[in-house]
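Breakdown of the fold
What follows is each chain in one-letter form.
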Amino acid sequence: MVYPAYLLCIVLILPALAAAAFVGAISLLAAGPKNGWSVIIGILAFFGAGLSEPLRYGWRIIAFIAATGFFLGAGAIPSIRIPAFYGLATLATLCIAYTLFAASQQDRYNVINALIITSPSIVGIVACLWFAIKFKT
């Protein structure tokens, strides 16, 4: 019952993760070719080197896949189950705060839109904390 609850929390915080990634990517693209695009190209080149020379730089792709697998499977490991719920809540909180900060730089209507988009993630934060308390005992 714990792992489905963990997966539910992941699904609920996905809007905050997507919104923060979208705002970050748009901010980098808007920064221009010198400041923003070079960061995006650098990130793509970091992982692209693992595709062109897998024996030398393949560890980068393997580490990314392992981190993604750990993120998805952390709720199934009994010893880190409770910190995984708290970690999801913290991650969603940081993503929502970043999204709301970026929206507040524009106008209040963007803040309202960001709140509407991230409202499932706010429910997800509450669910993560509730599941952490429930499964702790």
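For the structure, check the block above.
The following refers to the structure shown. (Residues numbered from 1 in each chain as written. Predicted model: local features only at pLDDT ≥ 70, side-chain atom pairs only at ≥ 80, totals over all residues. Heavy atoms only, no water.)

Things to note about the overall build of the protein chain
- A count of helical and extended segments in the protein chain gives five helices and zero strands.
- Moving toward the C terminus, one meets the helices and strands of the protein chain in the order α-α-α-α-α.
- In the protein chain, once contacts between residues fewer than 6 apart in sequence are set aside, the share between residues at least 24 apart is 69%.
- Here the protein chain has roughly 8,600 Å² of accessible surface; of this, 77% comes from carbon and sulfur atoms. (Helix = DSSP H or I, 4+ residues; strand = E, 2+ residues; numbered from the N terminus. Contact = heavy atoms within 4.5 Å. Areas by Shrake-Rupley, 256 points an atom, 1.4 Å probe, with all protein chains shown as cover.)

Section: the side chain of Arg-60
- Tracing the chain through its elements places Arg-60 in helix α3 (residues 54-73).
- Put simply, Arg-60 is tucked away with no salt bridge, and the nearest opposite charge, on Glu-53, sits 8.9 Å away.
- Look past the residues within four positions of Arg-60 in its chain and what remains in contact with it is Phe-46, Phe-47 and Ala-49. (Buried < 20%, exposed > 50% of the residue type's maximum accessible area, 1.4 Å probe, protein only. Lys, Arg positive; Asp, Glu negative; His and termini not counted. Salt bridge = Lys/Arg side-chain N within 4 Å of Asp/Glu carboxyl O.)

Thoughts on helix α5 (residues 108-136)
- For α5, which comprises 29 residues, the first-to-last C-alpha distance of 39 Å matches the rise-based estimate of 42 Å (1.5 Å per residue) to within 8%.
- Among the residues making up α5, those that are buried are Ala-114, Thr-118, Ser-121, Gly-124, Ile-125, Ala-127, Cys-128, Phe-131, Ala-132 and Phe-135.
- Packing partners of the buried residues in α5 comprise α1 (2-30) and α4 (81-104). (Expected span 1.5 Å × (residues − 1).)

Quick word on the packing of α1 against helix α2 (residues 33-52)
- It is at 6 Å that the axes of α1 and α2 come closest, and there the two elements cross at 125°. With respect to their mutual orientation, α1 and α2 come out oblique. On α2, the residues touching Ala-25, Leu-28 and Leu-29 of α1 are Gly-36, Trp-37, Val-39 and Ile-40.
- Within the contact of α1 with α2, the residues separate by chemical class into six nonpolar, one polar and no charged. (Axes fitted to C-alpha atoms, helices over the stretch in contact; angles between N-to-C directions. Parallel < 35°, antiparallel > 145°, perpendicular 65-115°, else oblique. Nonpolar A, V, L, I, M, F, W, Y, C, P; charged D, E, K, R; others polar.)

What to know about the nonpolar core
- Core analysis: the biggest nonpolar cluster contains 24 residues, and Tyr-6, Cys-9, Phe-85, Leu-88, Phe-131 and Phe-135 have the highest contact counts within it.
- Taken together, the elements giving at least two residues each to this core come down to α1, α4 and α5.
- Tallying contributions element by element places α1 first for this core, with nine residues.
- Excluding its chain neighbours within four sequence positions, the residues that come into contact with Cys-9 are Phe-85, Leu-88, Gly-124, Ala-127, Cys-128 and Phe-131. (Core = buried A, V, L, I, M, F, W, Y, C linked by side-chain atoms within 4.5 Å.)

Concerning the layout of surface pockets
- Roughly 360 Å³ of volume is contained in the largest pocket.
- Considering the residues around the largest pocket, the lining is formed by 16 residues, among which Phe-22, Val-23, Thr-99, Ala-102 and Ala-103 are closest to the centre.
- Split into classes, the residues belonging to the lining of the largest pocket amount to 10 nonpolar, six polar and no charged. (1 Å grid on protein atoms, 1.4 Å probe; cavity = no way out; pocket = protein on both sides within 12 Å on 5 of 7 lines; lining within 4 Å. Points joined across faces, edges and corners; volume = space filled by probe spheres on them.)

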